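Descriptive analysis of the structure
In case you want the letters, here they are:
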Amino acid sequence: MKKIALIGSCGSIGKQVIQVVLNHPDKFEIEALITNSSYKDFEGQINLIKPKYAVLCNADLAKRVANIPQATQFLSGEERAVELISKCQAEVVFVAAGGFAGLKYSLAAILAKKTLALANKETLVCAGDIIMPLARKMGVSVIPVDSEHSAIWQCLNFNANAPLKNLIITASGGAFRDYSNEQLKSVTPQQALNHPNWKMGKKITVDSATLLNKGFEVIEAHHLYSTPYSNIKTVLHKQSIVHSMVEFSDGSIMAQMGVPSMILPIQLALTYPNRCECAVERLSFSTAFSLDFAPLIQKDYPCYDLAIKCASAGGIMPCVLNGSGEVAVQAFLNNQISFLQISEVIDSVLQKTQNQGVESYSQLVEVDSLSRKLANNFIKR
């Protein structure tokens, strides 16, 4: 029985982690549930799972949680949540929380020498320069959960250090993949959230429409697989059936295929090194279907272009990219700026930032805070 500490249990990924655990009660047990503020959903999860520990980070909202099973120790506050990672008996810390806030939990898991199942992009985008060296030093496995990085991991036979020529990451193109620049001027948040292939949280769905998310994945792949950026390619693939590919030195290319679902990579992160039956729709070859691929023209996607430039610059620039991007996307969702202005907000902050090397988590907290402040100031103007 593998014990799990689940961070971000009320988000899209967190809910699917719970689904996987409930599908395999003989294999997994959630010992600790942690979420930020969704107290109503959290109360339901606590009563369903009955974990040993449950923490609601927002202390004020925690007061509204009324029905706690006798078997569960209920705590509140972010500090308690971070402390619990080392205190609990979980073997795997599953970081499903979105945003920069998830980074602190990834660090705590590594310092506690526990396997890190990573679905939080910001951990490697902002702090890959310190996270991966620390994981190697502590002997901690970082297991990728994103469908693209899980696909690469599978193509490499679960060996992140296997020799390769190129990593090929696929991109669906998001909700506006067939829109002209003129059409993009008037798109709404509701349209942006209507992803043709995936059901995800709001932030990542908008990032998929701008392709900022794909830029993040390039940065993650660089850190996960110690691959130079020049050997990481992105191609457009509308069907989202091929989740990523690996090209080897002899020209052979291996691809991982499946229906668009996060259940399989979530389950695999928990069952590794084994596989077991998965409650997900199977890809069927009984009816004809096609797979289309097209080059991604970097200049046509301003947010992706900015992400690749930040990746090449290194240092704190990816963290600045992320912080300003979070603010810009929220402003778009709040109808404060247009879709095309998301990249303008990010670019304005990048231009005001002087790059420096990544040295510590506390440094990145300051960088993130300043980036958000600059982004908000630009939006107000």
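So, here is what we can say about the structure in this document. (Residues numbered from 1 in each chain as written. Predicted model: local features only at pLDDT ≥ 70, side-chain atom pairs only at ≥ 80, totals over all residues. Heavy atoms only, no water.)

**Topic: empty space enclosed by the protein**
Evaluation of the coordinates by the stated rule reveals one cavity of 30 Å³ or more. Lining the largest cavity, in full, are Leu118, Leu124, Pro144, Val145, Asp146, His149, Glu220 and Leu224. Classifying every residue of the lining of the largest cavity gives five nonpolar, one polar and two charged. (1 Å grid on protein atoms, 1.4 Å probe; cavity = no way out; pocket = protein on both sides within 12 Å on 5 of 7 lines; lining within 4 Å. Points joined across faces, edges and corners; volume = space filled by probe spheres on them. Nonpolar A, V, L, I, M, F, W, Y, C, P; charged D, E, K, R; others polar.)

**Description of the sheet that holds strand 2 (residues 28-35)**
Across the sheet, seven strands lie side by side as 4-3-2-1-5-6-7; this open sheet has parallel pairing. Only two strands of the sheet have a single neighbouring strand rather than two, namely strand 4 (73-76) and strand 7 (142-144). The mean angle between the axes of side-by-side strands here comes to 20°, regardless of whether they run parallel or antiparallel. Where strand 2 lies against strand 3 (residues 53-56), four bridges are found, and the strand directions are parallel. The residue bridging Thr35 from the neighbouring strand is Leu56, located in strand 3. (Pairing = 2+ DSSP bridges. Helix = DSSP H or I, 4+ residues; strand = E, 2+ residues; numbered from the N terminus. Axes fitted to C-alpha atoms, helices over the stretch in contact; angles between N-to-C directions.)

**A short note on the pairing of strand 10 (residues 242-247)**
Counting buried residues along strand 10, five of its six residues qualify, which places the element largely inside the surrounding structure. Of the pairings in the sheet, the one linking strand 8 (residues 166-171) to strand 10 comprises four bridges and is antiparallel in character. Each bridged residue has a counterpart across the sheet, and for Asn166 the counterpart in strand 10 is Glu247. Pairing of strand 10 with strand 11 (residues 253-257), which is carried by five bridges, proceeds in the antiparallel orientation. The partner of Ser244 across the bridge, within strand 11, is Gln256. Between strand 10 and strand 11, which pair antiparallel one after the other, the connecting turn spans five residues, and Gly251 there sits at a positive phi close to 95°. (Buried < 20%, exposed > 50% of the residue type's maximum accessible area, 1.4 Å probe, protein only.)

**Describing the sheet that holds strand 8**
Spatial ordering of the open sheet is given by 11-10-8-9-12, a layout of five strands whose pairing is mixed. Two strands close off the open sheet at either side, each with one partner strand: strand 11 and strand 12 (294-295).

**What to know about helix 1 (residues 12-23)**
Residues separated by three or four positions in an α-helix point in the same direction, a consequence of the helix having 3.6 residues per turn. Its 12 residues give helix 1 an end-to-end C-alpha distance of 17 Å, which sits within 8% of 16 Å, the value for a rise of 1.5 Å per residue. Restricting attention to buried positions, one finds in helix 1 the residues Ile13, Gly14, Gln16, Val17, Ile18, Val20 and Val21. Those residues of helix 1 that are buried lie in contact with strand 1 (2-7), strand 2, helix 2 (39-49), strand 5 (92-95) and helix 12 (263-271). (Expected span 1.5 Å × (residues − 1). Contact = heavy atoms within 4.5 Å.)

**Concerning the side chain of His149**
Residue position: His149 is located in helix 7 (residues 147-155). Residue classification places His149 among the buried positions, given a relative accessible area of 1%. Setting aside anything within four residues of it in sequence, one finds His149 in contact with Pro144, Glu217, Glu220, Ala221, Leu224 and Tyr225.

**So, the packing of aromatic side chains**
Taken as a whole and judged by the stated rule, the model has eight aromatic pairs. With centroids separated by 4.8 Å and ring planes inclined at 50°, the aromatic side chains of Trp153 and Tyr272 adopt a geometry described as tilted. With Trp153 in helix 7 and Tyr272 in the loop between helix 12 and strand 12, the pair connects residues that are 119 residues apart, well separated along the chain. The class for Trp153 is buried, based on a relative accessible area of 6%. By relative accessible area, Tyr272 is classed as partly exposed at 29%. Centroid distance Phe285 to Phe289: 5.5 Å. Interplanar angle 45°. Geometry classified as tilted. Residue classification places Phe285 among the exposed residues on the basis of a relative accessible area of 62%. (Phe/Tyr/Trp six-rings, centres within 6.5 Å; stacked < 30°, edge-to-face > 60°.)

**Digging into the packing of helix 7 against helix 12**
Running from N to C, helix 7 and helix 12 cross one another at 55°; their axes reach a closest spacing of 9 Å. The orientation of helix 7 relative to helix 12 falls into the category oblique. Both helix 7 and helix 12 take part in a crossing whose hand is left-handed. Of the residues in helix 12, those in contact with Ser147, Ser150, Trp153 and Gln154 of helix 7 are Leu264, Pro265 and Leu268. Looking at the contact of helix 7 with helix 12 residue by residue, the classes come out as four nonpolar, three polar and no charged. (Parallel < 35°, antiparallel > 145°, perpendicular 65-115°, else oblique. Left-handed = near helix turned anticlockwise from the far one by under 90°.)

**Notes on the pairing of strand 2**
Each regular strand displays side chains that alternate between the two surfaces of the sheet. Most of strand 2 is tucked away, with seven of its eight residues classed as buried. Alignment of strand 1 against strand 2, held across six bridges, turns out to be parallel. Looking at the pairing, Ile7 lines up with Ile34 of strand 2. Taken together, strand 2, helix 2 and strand 3 constitute a β-α-β crossover, and its handedness is right-handed. (Right-handed = clockwise from strand over helix to strand, strands pointing away.)

**A look at a nonpolar patch on the surface**
Among the surface-exposed residues, Met257, Phe285, Phe289, Leu291 and Phe293 lie close enough to one another that they form a single nonpolar patch of about 470 Å² accessible area. The topology assignment puts Phe289 in the loop between helix 12 and strand 12. Classification of Phe289 as partly exposed rests on a relative accessible area of 33%. (Patch = residues over 30% accessible without salt bridge, like charges linked within 9 Å, V, L, I, M, F, W, Y side chains within 5 Å. Areas by Shrake-Rupley, 256 points an atom, 1.4 Å probe, with all protein chains shown as cover. Salt bridge = Lys/Arg side-chain N within 4 Å of Asp/Glu carboxyl O.)

**Regarding the environment of Val235**
Residue placement: Val235 occurs in strand 9 (residues 232-236). A residue is classified by how much of its surface remains accessible, and Val235, at 17% relative accessible area, is buried. Put simply, Val235 and Thr210 are 25 residues apart on the chain and 15 Å apart in space, counted from C-alpha to C-alpha.

**Some points on unusual backbone geometry**
With an omega dihedral of 10°, the bond running from Tyr272 to Pro273 counts as a cis peptide bond. Following the sequence through the fold, Pro273 ends up in the loop between helix 12 and strand 12. In this structure, Asn157 takes a positive phi of about 55° despite not being glycine. As for its position among the elements, Asn157 is in the loop between helix 7 and strand 8.

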